[in-house]
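Here's the letter readout for the chains.
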Number of protein chains: 2
Amino acid sequence: MTDVNFSRGAANPDSQGAEGVPAPRSGELRWDIIELLFFAYRDFVGDADHELEAFGFGRAHHRVMHFVYRYPGLKVADLLDVLRITKQSLGRVLKQLLDEGYIVQKTGNNDRRQRLLYATPKGEALVAKLAGLQTDRITRALRDINPEGVAAISQFLRAMIDRDDPDKVLEAIFGTGSKKPRE
Amino acid sequence: MTDVNFSRGAANPDSQGAEGVPAPRSGELRWDIIELLFFAYRDFVGDADHELEAFGFGRAHHRVMHFVYRYPGLKVADLLDVLRITKQSLGRVLKQLLDEGYIVQKTGNNDRRQRLLYATPKGEALVAKLAGLQTDRITRALRDINPEGVAAISQFLRAMIDRDDPDKVLEAIFGTGSKKPRE
DNA sequence: AAGATATGTCAACATGACTGACGTAAATTT
DNA sequence: AAATTTACGTCAGTCATGTTGACATATCTT
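Residues numbered from 1 in each chain as written. Chains lettered and ligands numbered in written order. Predicted model: local features only at pLDDT ≥ 70, side-chain atom pairs only at ≥ 80, totals over all residues. Heavy atoms only, no water.

If you check an unreviewed UniProt entry, chain A appears there as MarR family transcriptional regulator from Bradyrhizobium valentinum.

What follows is the structure, given as structure tokens:
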């Protein structure tokens, strides 16, 4: 049906690049790292995804739980910065987590408009379980790598992150802010 | 309104873990790598996301284009394995890319039921542009890392990937298959 | 000829994003 | 004190991308 009427080669139509197209810079492109990142991240989040199904939650719930647990007293606005989603989108997920008792809100002391977020023990248990699964994978992957190698991995991942306009969590990770994560 | 009636502490309610909950294994959890992966991947795909908007495409289109370009002659079934989505979901995206001339199909030589997928020059240009953006970020991140460090990063990412039931693309990446990527 | 396989498609639905508009309480500015 | 801004919540509608289930068609295998 929709058979090819494009092929310039025979069995294996090889394209030779169109005019006006920017040079592919073939030799320089890091296809290797690009694809490794895709597959590594896919399987990394897959660990948690599978477990979350049992709770009727999705990735969105995990992300919220994770950062609320790690940075207790996070404001709603901070969370929006970190997750880079709209408040309407966060609202739905957050409401479920509040209703089901995974997170609690506490009115801010200085500014009573703020709703500071904290994980309940129930929430902590879930986050720890998911982090455990992901840690298992990471530990396995780091097993045969020496300390210099681990340092290089950490440095690489940090350097992959945008440093302009960092949110509170990133400030904590890069040690430029006042907020400190748990543990 | 929904003020806290849970807090056991004062200003900063610190939870001490519920009974019956598995031990948090706090000291061992790799919160650092977990969060670095989250932010690194977020910004990594963000590069492409931004550019894709100008084409009216999303991440799904990028993933399809990428693997079709890199592994020319990929079958539809292979693509489903790699992306781990259903054929209905792939169908919508693939149809758009075919209609708009980013990809072409060619009937298989041995098996005429198969539709082998190839990127057109238009498709190649898009993939190269996106890979260029991501390569820029990777190159920047690798700049101050020595060859041993780069090897450790590559080893780490490979070890993060599930090796049971590898698809054709993973076989190529791990050098256990016959198919070879471009470039 | 019968059955299995590769692909495509229709229909319905879920999740998690989005925009835009509006409301309320509390803080800040004038 | 009044006006404005801020932090948050919510209603309503839309879009992108995933899902399941059913079914059709062409082609290969037995």
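Resuming the write-up.
Undergrad: Any chance you could break down the relation of the copies chain A and chain B for me, citing the residues and the numbers?
TA: Take chain A, turn it by 180°, move it 0.0 Å along the axis, and it overlays chain B with an RMSD of 0.0 Å. Each copy turns onto its partner about a two-fold axis. The fraction of interface residues of chain A whose copies in chain B are also interface residues reaches 98%, indicating that both copies meet through the same surface. (Least-squares fit on C-alpha atoms with pLDDT ≥ 70 in both. Contact = heavy atoms within 4.5 Å.)

Undergrad: How would you summarise the interface of chain A and chain B if you had to cite specific residues and measurements?
TA: Interface size, as often reported, equals the accessible area lost upon joining of the parts. With 88 residues of chain A in contact, the opposing surface of chain B contributes 88 residues. Counting the surface lost from both chain A and chain B, the interface buries some 8,100 Å², and carbon and sulfur atoms represent 68% of this. On the chain A side of the interface with chain B, the three residues burying the most area are A:Trp31, A:Leu36 and A:Met160, jointly 9% of the side's total. Scanning the region where chain A abuts chain B turns up six salt bridges. The partner of A:Arg70 in a salt bridge is B:Glu35, and the shortest N-O contact between them spans 2.6 Å. Our count for the contact surface shared by chain A and chain B stands at 18 residue pairs in polar contact (both at pLDDT 80 or more). (Buried area = accessible area lost by both parts, 1.4 Å probe. Salt bridge = Lys/Arg side-chain N within 4 Å of Asp/Glu carboxyl O. Polar contact = N/O pair within 3.5 Å; in protein donor to acceptor, adjacent residues only side chain to side chain.)

Undergrad: Would you mind going over the packing of helix H1 (residues 31-53) of chain A against helix H6 (residues 147-159) of chain B in detail, with residue names and values included?
TA: Contact pair H1(A) / H6(B): the axes reach a minimum separation of 8 Å and the direction vectors enclose 35°. In this structure, H1(A) crosses over H6(B), and the sense of that crossing is left-handed. Packed against H1(A), whose contacting residues are A:Ile33, A:Leu36, A:Leu37 and A:Ala40, the element H6(B) presents B:Ser154, B:Leu157 and B:Arg158 at the interface. For the contact of H1(A) with H6(B), a count of residues per class yields five nonpolar, one polar and one charged. (Axes fitted to C-alpha atoms, helices over the stretch in contact; angles between N-to-C directions. Helix = DSSP H or I, 4+ residues; strand = E, 2+ residues; numbered from the N terminus. Left-handed = near helix turned anticlockwise from the far one by under 90°. Nonpolar A, V, L, I, M, F, W, Y, C, P; charged D, E, K, R; others polar.)

Undergrad: Account for the protein's contact with DNA strand C, with residues named and values stated.
TA: Near DNA strand C you find 24 residues, and of these A:Arg63, A:Thr86, B:Lys87, B:Gln105 and B:Arg113 are the closest. One of the side-chain N or O atoms of A:Gln88 is found 2.8 Å from a base oxygen in DNA strand C. Take B:Lys87: an N or O atom from its side chain is 2.3 Å from a base oxygen of DNA strand C. Counting residues per element, the ones that place at least two in the surface near DNA strand C are helix H2 (59-70) and helix H4 (87-99) of chain A together with helix H3 (76-83) and helix H4 (87-99) of chain B. (Near = heavy atom within 4 Å.)

Undergrad: I'd love a proper account of the protein's contact with DNA strand D, names of residues and values included.
TA: Around DNA strand D, the structure places 24 residues, and the nearest of them are A:Lys87, A:Arg113, B:Arg63, B:Thr86 and B:Arg92. Sugar and phosphate atoms constitute 54% of the interface atoms of DNA strand D, taking the interface as everything within 4 Å of the protein. Within the contact set of DNA strand D, a phosphate oxygen lies 3.4 Å away from a backbone nitrogen or oxygen of A:Arg115. Counting residues per element, the ones that place at least two in the surface near DNA strand D are helix H3 (76-83) and H4 of chain A together with helix H2 (59-70) and H4 of chain B. Counting residues per element, the surface near DNA strand D draws most heavily on H2(B), which supplies four residues. Grouping the amino acids of the surface near DNA strand D by side-chain chemistry returns four nonpolar, nine polar and eleven charged.

Undergrad: Would you mind going over the packing of aromatic side chains in detail, with residue names and values included?
TA: Counted according to the given criterion, the structure contains 15 aromatic pairs over all chains. Centre to centre, the rings of A:Phe39 and B:Phe67 are 5.7 Å apart; their planes meet at 55°, and the pair counts as tilted. Of the two residues, A:Phe39 is situated in helix H1 and B:Phe67 in helix H2; the pairing between them involves two chains. Here A:Phe39 and B:Phe67 have matching classes, each one buried. With a centroid separation of 5.9 Å and 50° between ring planes, the pair formed by B:Tyr41 and B:Phe44 is classed as tilted. With B:Tyr41 and B:Phe44 both in helix H1 (residues 31-53) and three residues apart, this pair spans about one turn of that helix. (Phe/Tyr/Trp six-rings, centres within 6.5 Å; stacked < 30°, edge-to-face > 60°. Buried < 20%, exposed > 50% of the residue type's maximum accessible area, 1.4 Å probe, protein only.)

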